[in-house]
Amino acid sequence: MSKTQTRRLVESAVMIAIGTVLSMFQFRGPWALGGGITFCSMLPLVLVSWRYGCWWGLFTAFTYSLVQIVQGIPDIQYATNVQTAILIILFDYVIAYSVIGLAAMFKNRLKNQPKALLLGIVVTFLVRLACHYISGVAVWEVLWPNELGWAPPIWSISYNASYMVPEILITGIVAVLSYRPLKKYYQGEDLK
């Protein structure tokens, strides 16, 4: 294994660890059934994607999703059958977190790099929101119908957007504000 590969592997492991620790400090608010606002727990995955590209970002984010599954075992235990457990694992964890690894998808397509960074965060986090929405309609509404009597699609988007929109805003603002002072790191210029 080359020095560059070792560095990439170690940095990714550290970023997974930082993201995991940050995910443990959540403002849970009214989200009794899951979800919560963290302080940039996904930003370390965004950084890996920007430094090493989307393929490595996907691998790192997928690995992060496996750590989140371990932490989310109590949620998975609510599944009433294997099919429901698989849906929870895929849409609340594996796909929802792995997609963050694509955050650098606009890096080489836009001249304005902070804009590309923000756009990558918004797009990938919206895909994560879509995953939680699907899970909310297909799994959680069946297990626990909402007490307000709202239609499942309306309830799921309202519930999941109530924590994902602030997550998008917080992570996007911090990423854009940190881009200039950390430009060499974001761009991987220290690797050359």
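What you see is a predicted model, and the numbers here were worked out from it, not measured in a lab.

> Mind showing me how you'd approach the pattern of salt bridges here?
Pairing between side chains becomes possible if they bear opposite charge and their charged atoms approach one another. One pass over the structure, following the stated rule, counts 4 salt bridges. The shortest N-O distance in the salt bridge between Arg7 and Asp190 comes to 2.6 Å. Placement of the pair is Arg7 in helix 1 (residues 3-24) and Asp190 in the segment after helix 8 (183-187), with a sequence separation of 183 residues. On the accessibility criterion, Arg7 (33% relative accessible area) is partly exposed. For Asp190, a relative accessible area of 33% gives the class partly exposed. In this structure, Glu11 and Arg51 form a salt bridge, with 2.8 Å as the shortest nitrogen-oxygen distance. One end of the pair, Glu11, is in helix 1; the other, Arg51, is in helix 2 (residues 43-52), with 40 residues separating them in the sequence.

> Would you mind going over helix 6 (residues 113-143) with me for this structure?
Since the α-helix packs 3.6 residues into each turn, any two residues three or four apart lie on the same face. If you check helix 6, its first and last C-alpha atoms are 43 Å apart, about what 31 residues at 1.5 Å a residue would give, namely 45 Å. Where helix 6 bends most, the angle comes to about 45 degrees, and this point is Gly136. Where helix 6 starts, the residue carrying a side-chain oxygen 3.1 Å from the main-chain nitrogen of Lys115 turns out to be Asn112.

> Looking at this model, I keep getting lost on the side chain of Glu167. Mind explaining?
Note that Glu167 resides in helix 7 (residues 152-179). Of the side chains with opposite charge, Arg128 lies nearest to the buried Glu167, which makes no salt bridge, at 4.9 Å.

> I keep staring at the packing of aromatic side chains and nothing clicks. Help me out?
On inspection of all chains with the given rule, the structure shows 10 aromatic pairs. Residues Tyr64 and Tyr97 carry aromatic rings whose centres are separated by 5.5 Å and whose planes lie at 70 degrees to one another, so their mutual orientation is edge-to-face. Of the two residues, Tyr64 sits in helix 3 (residues 54-71) while Tyr97 sits in helix 5 (residues 82-98), which places them 33 residues apart along the sequence. Each ring, one from Tyr93 and one from Tyr97, has its centre 6.5 Å from the other, and the planes form 35 degrees; the classification is tilted. Here Tyr93 and its partner Tyr97 are both found in helix 5, 4 residues apart, which amounts to about one turn of the helix. Accessibility expressed as a relative area gives 10% for Tyr97, which makes it buried. Taken together, the aromatic side chains of Trp150, Trp155, Tyr159 and Tyr163 make up a single cluster linked through ring pairs. Positioned above the aromatic ring of Trp56 is the side chain of Arg8, whose terminal nitrogen or guanidinium carbon lies 4.0 Å from the ring centre. Above the face of the Tyr185 ring, Arg51 is positioned so that its terminal group lies 3.8 Å from the ring centre.

About the thresholds
- Residues numbered from 1 in each chain as written.
- Predicted model: local features only at pLDDT ≥ 70, side-chain atom pairs only at ≥ 80, totals over all residues.
- Heavy atoms only, no water.
- Salt bridge = Lys/Arg side-chain N within 4 Å of Asp/Glu carboxyl O.
- Helix = DSSP H or I, 4+ residues; strand = E, 2+ residues; numbered from the N terminus.
- Buried < 20%, exposed > 50% of the residue type's maximum accessible area, 1.4 Å probe, protein only.
- Expected span 1.5 Å × (residues − 1).
- Bend = angle between axes of the 7 residues up to and from the residue.
- Polar contact = N/O pair within 3.5 Å; in protein donor to acceptor, adjacent residues only side chain to side chain.
- Lys, Arg positive; Asp, Glu negative; His and termini not counted.
- Phe/Tyr/Trp six-rings, centres within 6.5 Å; stacked < 30°, edge-to-face > 60°.
- Lys NZ or Arg CZ within 6 Å of the ring centre and 35° of its normal.

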